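# Fold and geometry: a report
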Amino acid sequence: MARPSSPLLNRDRICATALAMIDRDGLDGLSMRRLAAEMGVRAASLYGYLKTKEELLTDLADQVMAPVDTSGFADGWRNGLTVWARSYREALAAHPNLVPFLAHSPGRRPQALQHADAVHGGLTSAGWPPRYATMIGASTKYLVVGAAMTSFSGGFADDFEVYVGRYPNLSQAHLLAGHEEIDRDSFELALTAFLNGLADLHHQISH
């Protein structure tokens, strides 16, 4: 029998399949054994490309986080944080089931450390003391991760009967279900309020 023109397995295909499984089944639904079964191969075949599940998840993290943009600090700390936070949220929101892994501290991942270094450098170059720069980076992460992992609008049932006569202040809550713009606009509101507060603090520190 002629050999296939391309190999059955390669690192990119393994990663793509693993990410699709996480999107579908959650982080706990991924194991090397289940991944192998999904791809129709033996688990041992995967280890020629990725030695551990941790290595696989690290590859996925780098892939998902690749679009995160820290270049905005060239135009000031506020623009830098805005561009970083928005791109960060978009990256996480595209694969919410992977967020628990991505939410860890940078650890030893070069890409994550490069992002952290760019943010910290952008803030300190704009006059923020190192301690504040660290806290601002952490606070932005709290805002982004929370926004990416949960949906406020998605937490309400679309059944009017759930609320009528019981919760008079939630008489329109059934209309929230599925309105993704509520989640987006809520994130933007929180981000704007956060940045406005930082601008006041920056003025105090600088004078």
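Please read these numbers as outputs of a predicted model, since none were measured by experiment. Sequence order as written defines residue numbering, which begins from 1 separately in each chain. Reporting of local features is limited, given that this is a predicted model, to residues whose pLDDT is at least 70; pairs of side-chain atoms are given and counted only at 80 or more, and all residues count toward the totals for whole chains, interfaces and linings. Hydrogens and water molecules were not included; the side-chain quantities draw on all heavy atoms of the structure.

It is worth spelling out the domain arrangement of the chain at this point. Either an automatic procedure or a domain database provided the assignment from which the domain bounds are taken. Partitioning the chain into structural domains gives domain 1 (11–62) and domain 2 (67–206). Taken over C-alpha atoms, the centre of domain 1 sits 29 Å from the centre of domain 2. In this analysis, two residues are considered to be in contact whenever any of their non-hydrogen atoms come within 4.5 Å of each other. Taken together, the contact pairs 12 residues of domain 1 with eight residues of domain 2. Summed over both partners, the accessible surface that disappears when two parts come together, traced with a 1.4 Å probe, is what is meant by buried area. Across the domain 1 to domain 2 interface the summed buried area is about 940 Å²; carbon plus sulfur atoms make up 64%. On the domain 1 side of the contact with domain 2, L27, A61 and D62 bury the most area, a combined 46% of that side's loss. Salt bridge, as used here: a side-chain nitrogen of Lys or Arg that lies within 4 Å of a carboxyl oxygen of Asp or Glu. Where domain 1 meets domain 2, there are one salt bridge. Across the salt bridge formed by D62 and R109, the nearest N and O atoms sit 2.7 Å from each other. Residues adjacent in sequence count toward polar contacts only when both atoms are side-chain atoms; beyond that, a polar contact is any pair of N or O atoms within 3.5 Å, and within protein one must be able to donate a hydrogen and the other to accept it. Put simply, domain 1 and domain 2 have five residue pairs in polar contact (both at pLDDT 80 or more) between them. Put simply, DSSP H or I for four residues or longer makes a helix, DSSP E for two residues or longer makes a strand, and each gets a number counted from the N terminus. Elements supplying a minimum of two residues to the side of domain 1 that touches domain 2: α1 (11–25) and α4 (53–65). By residue number, the principal contributor to the side of domain 1 that touches domain 2 is α4, which donates six residues.

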